[in-house]
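# Chains, contacts and geometry: an overview
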Amino acid sequence: MKLFVYHTPEETPSHEVPECAIAVDVLRATSTIATVLAAGGEAVQVFSDLDKLMEVSEQWQPNKRLRAGERGGGKVPGFELGNSPLDCTPEIVEGKRLFISTTNGTRTLQRIQDAKTVLAAALINRASVVRYLVDKQPETVWIVGSGWEGSYSLEDTVCAGAIAHSLCQEMNAPMEKIAGNDEVVSAIALYTSWEDNLLGLMHHASHGQRLLRLNCLEDLKYCSQTDVLDVLPMQQEPGVLKRHAE
Ligand code: MLT
């Protein structure tokens, strides 16, 4: 297995696709997706465009759908939900399809949707992702951070490092054997420096600070937990993620 980390969807090579591509948006899209599927949501369907989301979701039974829209960290007016994973309780999401568009995370999922296997990872479901990789041993794996409007983010890179670090441990393999680019090594270094204080790192992250200004401290606390949800969101058809049954 060769693992590549890309900080943003824009950094990924445009003329190839890996066997397995993993989207990461710790704050907060992939944390929300994992939470919805763990809470019994039927599926999560992602859109980069809000109008397209409305058009497609209109065709879905109203009592079986939820619409979530986020721009700049805030809820889009007219949508039932924003992008807080804490709103996605079983009472709200069970049996429903979440139609969601966010500033960066849903764009990442669309960018990698042609890979043979597409997963969504966050810190909260890191162990489920690593278990799948160890079990299936895909030849090439991309971990793609969402960043913020084309630039690097600390929270997505630390999650990439958390996955890579755990993968080396579980496969009993040295980092040099697995790392396909230098970004893997620096992501692991970031993770091992902060693994005992991930919430502290979120406070340094520019999007963490944006969310704090929007009174979302509880979201930061929730999203900075590691390995608390046993759920693997996997793409079933382009843009549609469901819980993978092992
Ligand atoms: C995004 O997609 O940019 C994020 O998930 C933003 C957010 O925190 O809602």
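Everything below is about the structure printed above this text.
Our subject in this report is the structure included herewith. (Residues numbered from 1 in each chain as written. Predicted model: local features only at pLDDT ≥ 70, side-chain atom pairs only at ≥ 80, totals over all residues. Heavy atoms only, no water.)

### Overview of the overall build of the protein
Broken down by element type, the protein carries 11 helices and 10 strands. The C-alpha atoms of the protein give a radius of gyration of 17 Å, which matches the 18 Å a tight globule of 246 residues would have. Judged by the C-alpha coordinates and their principal axes, the protein covers about 50 × 35 × 30 Å. Expressed as a percentage of its 246 residues, the buried residues of the protein come to 56%. Taking the intrachain contacts of the protein between residues at least 6 apart in sequence as the baseline, contacts between residues at least 24 apart amount to 79%. (Helix = DSSP H or I, 4+ residues; strand = E, 2+ residues; numbered from the N terminus. Rg over C-alpha atoms; globule rule 2.2 N^0.38 Å. Buried < 20%, exposed > 50% of the residue type's maximum accessible area, 1.4 Å probe, protein only. Contact = heavy atoms within 4.5 Å.)

### Comments concerning the side chain of Thr 35
Topologically, Thr 35 is positioned in helix α1 (residues 29-38). You can call Thr 35 buried: its relative accessible area is 8%. There is a polar contact of 2.8 Å between the side chain of Thr 35 and the side chain of Tyr 222. With sequence-adjacent residues up to four places away left out, Thr 35 is seen in contact with Pro 85, Cys 88, Ile 124, Tyr 222 and Leu 229. (Polar contact = N/O pair within 3.5 Å; in protein donor to acceptor, adjacent residues only side chain to side chain.)

### So, the packing of helix α5 (residues 126-136) against helix α6 (residues 154-170)
One way to put it is that α5 packs onto α6 with a least axis distance of 10 Å and a crossing angle of 45 degrees. With respect to α6, the axis of α5 lies oblique. In the crossing of α5 with α6, the sense of the turn from one axis to the other is right-handed. Here Arg 126, Val 129, Val 130, Leu 133 and Val 134 of α5 come into contact with α6, specifically with Ala 162, Ile 163, Ser 166, Leu 167 and Glu 170. In the contact of α5 with α6, the residues fall into 7 nonpolar, 1 polar and 2 charged. (Axes fitted to C-alpha atoms, helices over the stretch in contact; angles between N-to-C directions. Parallel < 35°, antiparallel > 145°, perpendicular 65-115°, else oblique. Left-handed = near helix turned anticlockwise from the far one by under 90°. Nonpolar A, V, L, I, M, F, W, Y, C, P; charged D, E, K, R; others polar.)

### Brief notes about the pattern of salt bridges
Within this structure, the stated rule accounts for 11 salt bridges. One salt bridge in this structure joins Lys 116 and Glu 19, with 3.9 Å as the shortest N-O distance. One end of the pair, Lys 116, is in the loop between α4 (105-111) and β7 (117-121); the other, Glu 19, is in the loop between β1 (2-6) and β2 (20-24), with 97 residues separating them in the sequence. For Glu 19, a relative accessible area of 29% puts it in the partly exposed group. Here the salt bridges do not stand alone but share partners, grouping Glu 42, Arg 97 and Lys 242 into one network. (Salt bridge = Lys/Arg side-chain N within 4 Å of Asp/Glu carboxyl O.)

### A closer look at α6
Between its first and last C-alpha atoms α6 spans 24 Å; for 17 residues at 1.5 Å apiece the expected length is 24 Å, and the two agree. Within α6, 13 of the 17 residues are buried, which leaves it mostly tucked inside the rest of the structure. Asn 172 lies just past α6 and shows a positive phi near 50 degrees. (Expected span 1.5 Å × (residues − 1).)

### Points about the environment of Asp 182
Tracing the chain through its elements places Asp 182 in helix α8 (residues 182-194). For Asp 182, a relative accessible area of 65% puts it in the exposed group. Along the primary structure Asp 182 and Leu 212 are separated by 30 residues, whereas in three dimensions their C-alpha atoms are 31 Å apart.

### Brief notes about the nonpolar core
For soluble globular proteins, nonpolar side chains are generally found buried alongside one another. Grouped together as the largest cluster of nonpolar side chains are 71 residues, with contacts concentrated most on Ile 22 and Leu 133. Take this core: its biggest share by element is 8 residues, from α6. Look past the residues within four positions of Leu 133 in its chain and what remains in contact with it is Met 1, Cys 20, Ile 22, Pro 138, Val 141, Ile 163 and Leu 167. Formed by 6 residues, the second largest nonpolar core is a distinct cluster that contains Phe 47, Leu 53, Val 76 and Phe 79. (Core = buried A, V, L, I, M, F, W, Y, C linked by side-chain atoms within 4.5 Å.)

### Points about the environment of Arg 28
Note that Arg 28 resides in the loop between β2 and α1. Considering only alpha carbons, one finds Arg 28 and Arg 97, 69 residues apart in sequence, at a separation of 18 Å. Not counting residues within four places of it along the chain, the set of residues in contact with Arg 28 comprises Glu 70, Gly 73, Asn 83, Ser 84, Pro 85, Leu 211, Cys 216, Asp 219 and Cys 223. At a separation of 3.5 Å, a polar atom in the side chain of Arg 28 contacts the main-chain carbonyl oxygen of Asn 83. In this structure the side chain of Arg 28 is engaged in a polar contact, spanning 2.7 Å, whose partner is the side chain of Asp 219.

### Structural notes on the site of the ligand
Neighbouring the ligand are 13 residues, the closest being Asn 83, Thr 102, Asn 104, Gly 105 and His 207. Residue Ala 29 places a main-chain N or O atom 3.0 Å away from an oxygen atom belonging to the ligand. Contact distances for the ligand include 2.7 Å between an oxygen atom and a side-chain N or O atom of Asn 104. Notes on the ligand: free accessible area 270 Å², of which the protein chains cover 100%. Class assignment for the residues of the shell around the ligand results in 4 nonpolar, 6 polar and 3 charged. (Near = heavy atom within 4 Å. Areas by Shrake-Rupley, 256 points an atom, 1.4 Å probe, with all protein chains shown as cover.)

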